[in-house]
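Letter by letter, the chains look like this.
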Amino acid sequence: MFPLLAQEKIKISHLPYLQALTDSSVSIIWTSNNPAIAWVEIAPNDSTHFYKQEREKLFAQQYGFKMVGTVHQVNISGLKPGTTYRYRVYNQEVLKHEGTRVQYGDFAATNVYREQPLKFKTPGPSAEVSFAVVNDIHGKNEVLRNLIKQVDIPKTDFVVFNGDMVDNLLSENQMYGGFMDTAIALFASEKPMYYARGNHETRGSFATAYPKYFPTSSGELYYLFNYGEACILVLDCGEDKPDSDIEYSGIVDMDAYRSQQAKWLEKAVESPLFKNAKYKIVICHMPPFGGWHGSQDIRDKFVPILNKAGAQIMLSGHLHRHIIQKQDQQVHFPVLVNSNVNLIKVQLNDQEGSFKVYSQEGKLVDEIKIKPLN
Ligand SMILES: [Fe+2]
């Protein structure tokens, strides 16, 4: 952890991004090249300069310790709904910790002098919600860029990554290089991204590190959140083949995981967050059809609960082609399967919810509409 050789000066190696944003809390994640303690300075979005006064410091801490590492997570709570905040992230290098003495090095921080401080806004009671969904990017940054560039980021509340953003997870560098650096450059420091894990994010020796980079409000990789009048229920699809398949080297236990998730889902749909929502939208990387084991398990374990709870639509990916499957006897809600080269733009208001699918060239491919619940 503390290399003996002289090393480069501390710097922020990947800029911050927002995770698990709710109307009162957020987690801010970033990395530094060297081990450090970390904090976020937060300021109201008033007309004062960030340097007007010392801003409140919120440390990356756990069990009363400031955490020392290179992946930093600061959890902020007690925020006001519908409110914009300014922030900067800060590191101080930790050179060594011997006995009871800690030796510190230099500082690194995001810029607030020449550049505007970073900002984020908590969701508030709004009738209008807009978000964008991409999936199955598989490390193709160019496709991600083409799709996200069609999104009017300032007018969009959040972005959903609906799984398979990379082929597998092998290292931090490969993960950032595969899609997160692009996401940060395009929006993720200032607009929240909600992630539904795909089956490919479960593959590779770095896959178990995923929750450290993409924490959620539930502490699990399945969770729900409210935005305006909508509740978005994010499910973790698991793997697509049987757990015993040669491809998984005997290291997955997805059937049991989906059973455990179904137990959570039964309770989650009873929560006021879901029950009182005017839009009940499910995000799940694998659709509940396709004939493979994982899809069948989702159909068996999740769909009956979602049917009973009045889910209105499921947004999926995984199949690398565009499908709108209408509701039927088994699945009582439409499933919009987005292809690997298209984007879904969602607009919800008190009249209707519109899900428009666009190609990389910005051509409207398809649309589905739903009505808000009373
Ligand atoms: Fe997939």
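For the structure itself, consult the block above.
For every chain, the first residue of the written sequence is number 1, and numbering continues from 1 along that sequence. Residues qualify for local features only when their pLDDT is at least 70, as the model is predicted, and side-chain atom pairs are given and counted only at 80 or more; totals for whole chains, interfaces and linings, by contrast, use all residues.

(A) Layout of the nonpolar core. Buried Ala, Val, Leu, Ile, Met, Phe, Trp, Tyr and Cys residues whose C-beta atoms connect them within 7 Å together make up a nonpolar core. The burial criterion counts other C-beta atoms lying within 10 Å of a residue's C-beta, which is placed from the backbone; the residue is buried at 20 or more, exposed at 12 or fewer, and partly exposed between these limits. Core analysis: the biggest nonpolar cluster contains 98 residues, and I232, L233, V234, L235 and I283 have the highest contact counts within it. Looking at this core, the element that brings in the most residues is strand 2 (residues 26-44), giving 11 residues. Residue ranges assigned to each domain were obtained from an automatic or database domain assignment. Each of two domains, domain 1 (12-121) and domain 2 (129-370), supplies a minimum of three residues to this core. In this view, L233 contacts L224, A268, F274, I281, V282 and I283; residues no more than four positions away in its chain are not counted. Helical segments are the DSSP runs of H or I of at least four residues, strand segments are the runs of E of at least two, and each set is numbered from the N terminus. Here contacts are defined at the residue level, using C-beta atoms placed from the backbone and a cut-off of 7 Å between them.

(B) Region of the structure containing the environment of D157. Position of D157 relative to the elements: it lies in the loop between helix 1 (141-148) and strand 11 (158-161). Considering only alpha carbons, one finds D157 and Y227, 70 residues apart in sequence, at a separation of 8.5 Å. Leave out the neighbours within four places in its chain, and D157 touches P123, V129, S130, F131 and Y227.

(C) Quick look at the sheet that holds strand 16 (residues 313-316). Read across the sheet, 6 strands follow the order 13-14-15-16-18-17 without closing on themselves; strand pairing throughout is mixed. Here the strands that pair on one side only, and so sit at the sheet edges, are strand 13 (223-227) and strand 17 (323-325). With direction set aside, neighbouring strand axes in the sheet form an average angle of 20 degrees. DSSP bridges decide pairing: two strands pair if at least two such bridges lie between them. Only the contacting stretch of a helix is used when fitting its axis, a line to C-alpha atoms as for every element, and angles between N-to-C directions run 0 to 180 degrees.

(D) Summary view of the sheet that holds strand 12 (residues 193-195). Here we have 6 strands laid out as an open sheet, ordered 12-11-10-19-20-21, and mixed in their pairing. Each edge of the open sheet is held by one strand with a lone partner, namely strand 12 and strand 21 (364-370). Mean inter-strand twist for the sheet, computed between neighbouring axes without regard to direction, equals 20 degrees. Sheet topology note: the strand 19 (residues 343-348)/strand 20 (residues 353-358) ladder contains 6 bridges and is antiparallel. Paired with I344 across the strands is V357, a residue of strand 20.

(E) Local environment of the pairing of strand 2. Summarising burial for strand 2: 16 of the 19 residues are buried, a large majority. Pairing between strand 1 (residues 12-19) and strand 2: 5 bridges, direction antiparallel. In the sheet register, Y17 faces strand 2, and the bridge partner there is I29. Between strand 1 and the antiparallel strand that follows it, strand 2, lie 6 residues; A20 among them carries a positive phi value of about 50 degrees. Alignment of strand 2 against strand 6 (residues 69-76), held across 7 bridges, turns out to be antiparallel. Residue pairing across strands places W30 opposite H72, the latter belonging to strand 6. Bridge analysis of strand 2 against strand 7 (residues 84-98) gives 9 bridges, and the strand direction is antiparallel. When the bridges of strand 7 are listed, A38 appears paired with N91. When strand 2 meets strand 3 (residues 56-59), the two strands line up antiparallel, connected through 4 bridges. Bridged to W39 within strand 3 is F59.

These values are about where atoms sit, not about what they do.
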